[in-house]
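The primary structure of each chain is shown beneath.
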Amino acid sequence: MPSIVSLQEKYMKEALKQAKKAAALGEVPIGCVIVYQGKIIGRGYNRRNTDKNTLCHAEITAIRRASKVIKDWRLEGCTLYVTLEPCQMCAGAIIQARIPEVVMGCMNPKAGCGGSILNLLQMPEFNHQAIVHRGVLAEECSELLKNFFIDLRKRNKDEKERSKAENGKEISSENNCMSGESS
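So, how was this worked out
Residues numbered from 1 in each chain as written. Predicted model: local features only at pLDDT ≥ 70, side-chain atom pairs only at ≥ 80, totals over all residues. Heavy atoms only, no water. Helix = DSSP H or I, 4+ residues; strand = E, 2+ residues; numbered from the N terminus. Rg over C-alpha atoms; globule rule 2.2 N^0.38 Å. Buried < 20%, exposed > 50% of the residue type's maximum accessible area, 1.4 Å probe, protein only. Disulfide = S-S within 2.5 Å. 1 Å grid on protein atoms, 1.4 Å probe; cavity = no way out; pocket = protein on both sides within 12 Å on 5 of 7 lines; lining within 4 Å. Points joined across faces, edges and corners; volume = space filled by probe spheres on them. Nonpolar A, V, L, I, M, F, W, Y, C, P; charged D, E, K, R; others polar.

## Some points on the overall build of the chain
A count of helical and extended segments in the chain gives five helices and five strands. Here the chain has a C-alpha radius of gyration of 22 Å; the compact-globule value for 183 residues is 16 Å, and the former is much larger. When the backbone C-alpha atoms are referred to their principal axes, the chain occupies close to 85 × 30 × 30 Å. Per-residue burial over the chain gives 40% buried out of 183 residues.

## Comments concerning the state of the cysteines
Under the defined criterion, the tally for this structure stands at zero disulfides. Not part of a disulfide, cysteine 87 finds its nearest cysteine sulfur in cysteine 90, a span of 3.8 Å. Counting only cysteine sulfurs, cysteine 106 is the nearest neighbor of cysteine 141, a cysteine outside any disulfide, at a range of 5.4 Å. Relative accessible area serves as the criterion here: at 2%, cysteine 141 is assigned to the buried category.

## As for the layout of surface pockets
For the largest pocket, the calculated volume is near 590 Å³. If you trace the largest pocket, you find 22 residues lining it, with Val28, Leu84, Asn108, Leu145 and Phe149 closest to the centre. Broken down by element, the residue count for the lining of the largest pocket peaks at five residues, all from helix α5 (residues 138–182). Within the lining of the largest pocket, the residues separate by chemical class into 12 nonpolar, four polar and six charged.

So yeah, pure geometry; function would need other evidence.
Written as structure tokens, this is what we have:
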């Protein structure tokens, strides 16, 4: 029988596959899978920019798909695996869906609500809390995000330089036209 750690890593690898789909679209690479009775019943990856929709986070998509499979909004008995600590919206959706267990890859110190900034997943004031496991394949999850942002900064810098060069050519061209008109 596989250990809990090896099962967590197995499903986190599936979440990483989803994150890579987001990266292929130029989206922040975040992926999520939801497992019920040893089967993945919901998958999702970040598509906010692609779909022009704030709600298109990996977790929300996976929750929606898992709910269709189970035919219930309550995802009791499920485990959610996500490559990056959930934001406040996703942590709230996880609690609302009654998901009892959450496995996270890397933490999100700027927007995380599964223990970094807040821990909405385990607030005793809510009528539901989740068991949380942090740091599963954290290095792989973090590396994917770091590489994405390194590439994004480089693309943005290159684009900015290209834009400056093109604007310089236009100005130079306009100056040439003006000097040509005066002669």
